[in-house]
Amino acid sequence: MARHHYYILFIAFIVLLLAVYFNLIWGGTEPLDYHHFSSNDFIFYQIRLPKMLTALIAGGALAVAGQLMQIVFKNPLAGPYVLGISSGASLAVGVLLLSVNRVFPVSIAVAAISGAVLVTFLVLAIAARIQSNVVLLIIGLMLAQIFASAETSLAYFADPSSLKRFVLWGMGSLGNASMRDLAFYFPLLVIALALTTFLFKPMNALLMGEAYANASGISFKWSRFKLILLSSLLTGLATALCGPISFVGLAVPVISRQVLPTAKQQWQWPMNLFLGSTVLLVSDILCHQAYSVAPLPLNMVTSLIGAPLVIWLMFKNKQW
Amino acid sequence: MVNEGVIFNQAQFGYPSRPLIALDHVLPSGRLVAMVGKNGVGKSTVIKTLCGQQALLSGALFISGKNVADLTVQELAQHVAAVFTGRLSGFHLTPREVIATARMPYTNWMNRLSPEDEQVIAAVMDQYGITAFSQQPLQQLSDGMYQRVLLARAVAQQTPVLVLDEPTAFLDFASRHEVFALLKAQAALGKSILISTHDLDLVMKYCDEVLLLDPTGAEYFAVTQARDSEKFMALGGRYL
């Protein structure tokens, strides 16, 4: 049975390579002349390449973050956006963008990560006292609501110029990070992703729920702690790079299970990585190609192409 | 592994705000013991405590001579295997994958299955007639087939003690008998088995002993003496 899984993964990898290539060529308002990359040196190294790398790493990170959350909650509705973790990151960035006049990209990143980590510790403190996952999920959703309304009140009282900056950030963009930013974030994200590969055993145990995980010798609470922590770290880092991308963390793990129908999380992991990156790379191409005057916001496109795909897969297979 | 059964040493089960039941009994090895009692009396709590998912309020619990409080989650899983109520769903889980999780207490951090692990899994699937549908999605199985998979999983864990929480609820007549017959065969191999159930007729037919939980106190007696117990008769034994 493993053989056709290899084929599916291999095809997904080829598709990813194609997406990387076409993103570099078409990921802008003008197609790059691929026979003479050197003549477009500046555009290539300063704009297209960092944008491609951002999509590559952030897409994979968000998808894996979603995979971890959906395992912990045994629920396909879970993603980095539940538990209020990304809302925490958003709120922290909102406070920054709406209160300070001059903003550096690095300060946005620091705000996003600290917001995500703070909320994660809040959630973990609550989780330590709460046995039921559904209760934890509801508390997380409520936290997200509180942060969202705090964000709205901030925006309501903000001055117009900083408000626009914040709204644009909220729409997500792959073009925020320079090569220098990436030199900092890329290794961190790779390390966080590498750490998740040490958790395949608890991941597979948690598929069977809390009781059977414990009965299989895998501590549910300790595994849940590790998985939520890593998921938040990935989410915080990705949000810092490209703003809150709403769709990837929720939908890619769902698509991944439909395309590669196996419970083995060591197989789902590379599938999520490849698919997550591909979705962001392709979305970025569409952002630039769909409307000739100016690139469209990323969040507009990811959901617009992704959501119908999920609906179609659900209709076809009728299971998650 | 030497099996010394389960020893409840003035063990108080329940929650700090709501103590449920105290047990001071010994479940010997090689016996199929039925745990009966009304809903809410603490049957599930006893099962969960035996699996280390809940702590004792006071007293001690020994499994194969080891105090459960001193064991890690992994060590405990090498001594006790369990079947819980309810059905698993989602994630495209297959019977083979579910049964393979029984070997997790013995595998390394990468969960690499040794040839011995593979052999145990294959043997159990063969023994319980699961091999033919071992790659089918779990949710396509009938309740009877599903429960057989979970039983096979518990057996594959190769523990001296086996606990089951109402494994025959929702099953049809034949499947209920099948579950009890399987457990009786496992007890005959030397395991201590504690099964919580409401099927008193099956208890009389298959089990060796009865652990009756009651708010006024627990009773422990051989099945042959069940009709002498007032509490057993009141629980429904009078209809048998």
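Residues numbered from 1 in each chain as written. Chains lettered and ligands numbered in written order. Predicted model: local features only at pLDDT ≥ 70, side-chain atom pairs only at ≥ 80, totals over all residues. Heavy atoms only, no water.

Participant: Looking at this structure, I do not really get the side chain of Ser 90 of chain A. What am I missing?
Facilitator: Residues and elements named next belong to chain A. Position of Ser 90 among the secondary structure elements: in helix α3 (residues 85-99). Judged by relative accessible area, Ser 90 falls into the buried class, the value being 8%. Setting aside its immediate chain neighbours within four residues, Ser 90 contacts Glu 151, Phe 166, Trp 169 and Pro 244. (Helix = DSSP H or I, 4+ residues; strand = E, 2+ residues; numbered from the N terminus. Buried < 20%, exposed > 50% of the residue type's maximum accessible area, 1.4 Å probe, protein only. Contact = heavy atoms within 4.5 Å.)

Participant: I would appreciate a short explanation of the side chain of Asp 181 of chain A in the present structure.
Facilitator: Residue and element names in this part refer to chain A. Following the sequence through the fold, Asp 181 ends up in helix α7 (residues 179-196). Of the buried charged residues, Asp 181 lacks a salt bridge, with Arg 180 as the closest side chain of opposite charge at 6.8 Å. Engagement of the side chain of Asp 181 in a polar contact is seen with the backbone nitrogen of Ser 178, the distance being 3.0 Å. (Lys, Arg positive; Asp, Glu negative; His and termini not counted. Salt bridge = Lys/Arg side-chain N within 4 Å of Asp/Glu carboxyl O. Polar contact = N/O pair within 3.5 Å; in protein donor to acceptor, adjacent residues only side chain to side chain.)

Participant: Any chance you could explain the sheet that holds strand β4 (residues 32-36) of chain B here in plain terms?
Facilitator: By definition, the strands of a sheet pair up through backbone hydrogen bonds, in either a parallel or an antiparallel sense. All names here are of chain B. Pairing in this open sheet of 6 strands is mixed, and the strands run β7-β8-β9-β4-β10-β11 from one edge to the other. For this open sheet the edge positions go to β7 (80-83) and β11 (219-222), each flanked by a neighbour on one side alone. The sheet shows a mean angle of 20° between the axes of neighbouring strands, direction not considered. Packed onto the sheet, helix α5 (residues 143-156) meets β7 and β8 (161-165) and runs at close to 175° relative to β7. Lying on the sheet, helix α6 (residues 173-188) is in contact with β4, β8 and β9 (192-196); it crosses β9 at an angle near 155°. (Pairing = 2+ DSSP bridges. Axes fitted to C-alpha atoms, helices over the stretch in contact; angles between N-to-C directions.)

Participant: What should I look at first to understand the interface of chain B and chain A in this one?
Facilitator: Reports of interface size often rely on the accessible area that becomes lost once the parts have come together. Contacts between chain B and chain A engage 28 residues on the former and 26 residues on the latter. Taking both sides of the interface into account, the surface hidden between chain B and chain A amounts to around 2600 Å²; carbon and sulfur atoms contribute 63%. When residues of chain B are sorted by the area they lose upon contact with chain A, Phe 91, His 92 and Met 104 of chain B head the list and together hold 33% of the total. For the interface between chain B and chain A, the tally reads 1 salt bridge. Lys 264 of chain A is the partner of Glu 97 of chain B in a salt bridge, and the nearest nitrogen-oxygen pair spans 3.2 Å. Where chain B packs against chain A, one counts 9 residue pairs in polar contact (both at pLDDT 80 or more). Mapped onto the side of chain B that touches chain A, the elements with two or more residues apiece are α2 (73-77), β7, α3 (95-100) and α5 of chain B. Among the residues forming the side of chain B that touches chain A, the class breakdown is 14 nonpolar, 12 polar and 2 charged. (Buried area = accessible area lost by both parts, 1.4 Å probe. Nonpolar A, V, L, I, M, F, W, Y, C, P; charged D, E, K, R; others polar.)

Participant: Help me understand the packing of α5 of chain B against α6 of chain B in this model?
Facilitator: Packed helices, taken two at a time, are described by their axes: the angle between them and the distance between them. All names here are of chain B. Where α5 contacts α6, the two axes come as close as 10 Å, and the packing angle between them is 10°. Relative to α6, the element α5 lies roughly parallel. Facing α5, whose interface residues are Gly 144, Gln 147, Arg 148, Leu 151 and Val 155, α6 presents Ser 175, Glu 178, Val 179, Leu 182, Leu 183 and Gln 186. Grouping the amino acids of the contact of α5 with α6 by side-chain chemistry returns 5 nonpolar, 4 polar and 2 charged. (Parallel < 35°, antiparallel > 145°, perpendicular 65-115°, else oblique.)

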